[in-house]
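For reference, the chains in residue letters:
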Amino acid sequence: MSKEYIYEIIKRLEGERHPLFNYEALESAADFIESKFRTHGLDTWIHTFSVKGYDKTFKNVIGEIGDPKAPAILIGAHYDTVRNTPGANDNLSGISVMLDIIERLKDNKKVPHILFVGFTLEEGHPGFDAYVKSELQKKGFIDKDEKYVSLEVNQLSLQVLNNARKKKKQGGSLLEGFRGQVESLSGIQKSYCETMIDAHERFEDDYFDQGRIMLGSSKLQSYLVQKNIEVSEVIIFDCLGWIKKEENSQKKLPITEDMMSLVQTHLVDLDKNIGNYIGVFSEQSSNHILNDYLTACKGIGQLPFLGMHLPVSYDQVKMMFPDVLRSDHAPFWKAGIKGLFITDFANFRSELYHTPADQLHRIDYTMLDRISAATVKYLVMK
């Protein structure tokens, strides 16, 4: 039943859910998640917020079960997409597993206090995106269809952007990356760089950490603090269903060779680079949580995993493993809240990432079913 249930959810919501280009679908997804929470009897409410530079509001959808007086385990996934992608795996796989967990728990009497959250705006900042689009059009970089006006402009602009991204890969920010190269540029590249510096400076205070996005989760984390709702740990799902059985189907890992001693694997062949497993990452103080979760994974059968405890501070993770912070757990880790990030490695696994080919028929539903079962097993062990 779980695989069919998961499939039906992804089929129902598949399609671009982007704040600038398909706001209606984004809202519809939030309404669907809310209706599922209410159908399962969860105490449900909406955390609504606005962002700088955009006149629409956005919704984190929250459903609660268990004793509200106890610290909560937060289980979440984002429901928005980048532009021009149906977002079946990124991240309806996470949304559907979260909803399936609720379905599995409905008759369980040993449920801890859990907040289930459908996050919005993990993928981008609509105010920033709208401003950049407007400025690049004004300066003649892109046309009304947002395409670069020439190959030369495209290539020169991307050189500047890629150089800025290198700075972010080193734990810095895109703003620092643009600032660091502007004086050495001229012509088209200098104008593009100055435009991007202006945009990032205008919106710098609206990001939670040096240009990192995760708007929905960062705003929710602050909201929960304001409401004195204590979160003891988080479990965040983001891209779960791209599972491959062929050799060399795992492109690479977002971790370094000298850190492999911190890795636990089960049913994984790293030598042959077979991408048949999920990644489970824990932050500095979450080693016991990781071990308990991996024990639950082993307990439900054929669930290959690579688990890694990161025994360093948030700032060190940002410097050493910045790709591990690319989802909604990051604001909670930064706030010192324990937790797990669970993923199929996204672009480190699949060429479908952030493309129109991210469709429901390319997902491994057996893996989603097993992740749901393992998470429920972990929760009832609490």
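Structural data are supplied above this passage.
About the cut-offs
Residues numbered from 1 in each chain as written. Predicted model: local features only at pLDDT ≥ 70, side-chain atom pairs only at ≥ 80, totals over all residues. Heavy atoms only, no water. Helix = DSSP H or I, 4+ residues; strand = E, 2+ residues; numbered from the N terminus. Rg over C-alpha atoms; globule rule 2.2 N^0.38 Å. Buried < 20%, exposed > 50% of the residue type's maximum accessible area, 1.4 Å probe, protein only. Contact = heavy atoms within 4.5 Å. Lys, Arg positive; Asp, Glu negative; His and termini not counted. Charge placed at Lys NZ, Arg CZ, Asp CG, Glu CD. Axes fitted to C-alpha atoms, helices over the stretch in contact; angles between N-to-C directions. Parallel < 35°, antiparallel > 145°, perpendicular 65-115°, else oblique. Left-handed = near helix turned anticlockwise from the far one by under 90°. Nonpolar A, V, L, I, M, F, W, Y, C, P; charged D, E, K, R; others polar. Salt bridge = Lys/Arg side-chain N within 4 Å of Asp/Glu carboxyl O. Expected span 1.5 Å × (residues − 1). Polar contact = N/O pair within 3.5 Å; in protein donor to acceptor, adjacent residues only side chain to side chain.

J.: Is there a simple way to think about the overall build of the protein in this case?
T.: Across its full length, the protein holds 12 helices and nine strands. Taking 21 Å as the expected radius of gyration for a compact globule of 382 residues, we find that the protein reaches 21 Å, a close match to that expectation. Seen through its C-alpha atoms, the protein measures out along the principal axes to roughly 65 × 45 × 40 Å. In the protein, buried positions account for 57% of the 382 residues. Taking the contacts inside the protein whose residues are at least 6 apart along the sequence as the reference set, 79% of them involve residues at least 24 apart. Measuring between centres, the 46 positive side-chain charges of the protein sit 1 Å from its 53 negative side-chain charges.

J.: I would appreciate a short explanation of the packing of helix H1 (residues 2–13) against helix H3 (residues 88–105) in the present structure.
T.: How two helices sit against one another is set out by the angle between their axes and by the gap between those axes. Here H1 crosses H3 at 135 degrees, and the two axes come no closer than 9 Å. Our classification of the angle between H1 and H3 gives oblique. Crossing handedness for the pair H1 and H3: right-handed. Residues Ser2, Tyr5, Ile6, Ile9, Ile10 and Leu13 of H1 touch H3, and the partners they reach there are Ala88, Leu92, Ser93, Ile95, Ser96, Leu99, Asp100, Glu103 and Arg104. For the contact of H1 with H3, a count of residues per class yields nine nonpolar, three polar and three charged.

J.: What exactly am I supposed to notice about the pattern of salt bridges here?
T.: Oppositely charged side chains are able to pair whenever their charged atoms sit close together. Inspection of the entire model under this criterion finds 19 salt bridges. Between aspartate 100 and arginine 104 there is a salt bridge whose closest N-O contact spans 2.8 Å. Here aspartate 100 and its partner arginine 104 are both found in helix H3, four residues apart, which amounts to about one turn of the helix. Accessibility expressed as a relative area gives 30% for arginine 104, which makes it partly exposed. The partner of lysine 133 in a salt bridge is glutamate 146, and the shortest N-O contact between them spans 3.8 Å. Of the two residues, lysine 133 is situated in helix H4 (residues 126–138) and glutamate 146 in the loop between H4 and helix H5 (151–169); the sequence distance between them amounts to 13 residues.

J.: Got a minute to help me understand helix H7 (residues 187–203) in this structure?
T.: Residues three or four positions apart in an α-helix share a direction because the helix packs 3.6 residues into each turn. Along its 17 residues, H7 runs 25 Å from first to last C-alpha, staying within 8% of the 24 Å computed at 1.5 Å per residue. What H7 keeps buried is the set Gln189, Tyr192, Cys193, Thr195, Met196, Ile197, Ala199, His200 and Phe203. Those residues of H7 that are buried are in contact with H4, H5 and helix H6 (174–179).

J.: Even after reading the chapter, I still don't get the side chain of glutamine 250, so can you show me in this structure?
T.: Note on placement: glutamine 250 falls in the loop between strand E5 (231–237) and strand E6 (263–266). Among the residues examined, glutamine 250 registers a relative accessible area of 3% and is labelled buried. There is a polar contact of 2.9 Å between the side chain of glutamine 250 and the backbone oxygen of lysine 252. Apart from the residues within four sequence positions on either side, glutamine 250 is in contact with Asn273, Ile274, Gly275, Tyr277, Phe345, Phe348 and Arg349.

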